[in-house]
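# Fold and contact review
Residues per chain are reported as follows:
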Amino acid sequence: MAKVLLVDDAAFMRMRCAKLLTENGYAVDEAENGQEAVKKYQEISPDLVLMDITMPVMDGLEAVAEIKKVDPNAIIVMCSALGQQNTVMSAIKAGAKDFIVKPYQPEKILSTIKRFIG
C-alpha cells in the first residue's frame, strides 16, 4: 500500500483529502505545518507528499527544500489556492513535481498521485 503524507494547516482539508485517499487504497499520514512535515517525512518515508504552501511555522516552499535535502528523490505535489504563475514556479524550483490548485477536484488528486506512484 502506497504511503501519502498529507500536509495542510486546515484540519478540514486534511480530513477531506485523507478520506478520499484511504477510500482509494492509500495509507495516509498527516502534518499540519512544514516543520512537522519534514520530521514526519524522515520518520515514515512516504511515497508521495501532498503539501499546502501557506502554513504557519514553516511554509510549504521551505518544507520542500528541507525534504529535498534529506531525500533528493522525494515526490512532492503542492496543493494551494495560490495559483499564480510565480508561486507555481517557486514550488517547482524548490523541488515539487507538480502543482494542484485548490479547491481541487478529487479526480485531479487521484490522477496526479497515480501518475507518480500508481
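In case you missed it, the structure is sitting above this.
Here goes a summary of the coordinates provided. Note on numbering: residues in each chain are counted from 1, in written sequence order. Side-chain atom pairs in this predicted model are given and counted only at pLDDT of 80 or more, local residue features only at pLDDT of at least 70, and totals for whole chains, interfaces and linings cover all residues. By convention in this description, side-chain values take in all heavy atoms of the structure and omit both hydrogens and water.

### Things to note about the pattern of salt bridges
- One side-chain nitrogen of Lys or Arg within 4 Å of one carboxyl oxygen of Asp or Glu is enough to make a salt bridge. In total, this model carries nine salt bridges according to the counting rule given.
- Among the ionic pairs, D52 bridges to K102, the shortest N-O distance being 3.5 Å. With D52 in the loop between β3 (48-51) and α3 (60-70) and K102 in the loop between β5 (98-101) and α5 (106-117), the pair connects residues that are 50 residues apart, well separated along the chain.
- When a residue's accessible area, from a 1.4 Å probe over protein chains only, is under 20% of the maximum for its type it is buried; when over 50% it is exposed; and in between it is partly exposed. Overall, D52 belongs to the buried group, its relative accessible area being 5%.
- In this structure, the salt-bridge partner of K69 is E66, at a minimum N-O distance of 3.0 Å. Here K69 and its partner E66 are both found in helix α3, three residues apart, which amounts to about one turn of the helix. In this description a helix means any DSSP run of H or I spanning at least four residues, a strand means any run of E spanning at least two, and both kinds are numbered starting from the N terminus.

### What about helix α1 (residues 11-23)?
- Each helix should span, by expectation, one fewer than its residue count multiplied by 1.5 Å. Compared with the 18 Å implied by 1.5 Å per residue over 13 residues, the 18 Å span of α1 between its first and last C-alpha is a close match.
- Buried residues of α1: M13, R14, C17, A18, L20 and L21, and no others. Each buried residue of α1 lies within a common arc of 160 degrees when the element is viewed along its axis, so the set occupies one face. Opposite its buried face, α1 presents the exposed residues F12, M15, K19 and E23, each directed more than 90 degrees away.
- One or two steps after α1, the chain reaches G25, where phi turns positive at roughly 90 degrees. The arc in question is formed by the directions pointing from the helix axis toward the C-beta atoms.

### Re the packing of α3 against helix α4 (residues 85-94)
- The angle between two axes is taken between their N-to-C directions and runs from 0 to 180 degrees, where each axis is a line fitted to C-alpha atoms and a helix contributes only its stretch in contact. Across the interface, α3 lies against α4 with an axial gap of 9 Å and an inter-helix angle of 15 degrees. Judged by the angle between their axes, α3 and α4 are roughly parallel. Considering the relative orientation of α3 and α4, their crossing is right-handed. Counted together, L61, V64, A65 and K68 of α3 and S90, A91 and A94 of α4 form the full contact between these two elements. Any angle that falls under 35 degrees is termed roughly parallel, while one over 145 is termed roughly antiparallel, one within 65 to 115 roughly perpendicular, and all others oblique. Helix crossings get a hand from a simple test, with the near helix turned counterclockwise from the far one by less than a right angle marking a left-handed crossing and a clockwise turn marking a right-handed one. Note on contacts: a residue pair is in contact if any heavy atoms of the two residues lie within 4.5 Å.

### Let's talk about unusual backbone geometry
- In this structure, S45 takes a positive phi of about 45 degrees despite not being glycine.
- For V57, which is not glycine, the phi dihedral falls at a positive 70 degrees.
- Summarising the element assignment, V57 is placed in the loop between β3 and α3.
- Residue class for V57 comes out exposed when judged on its relative accessible area of 61%.

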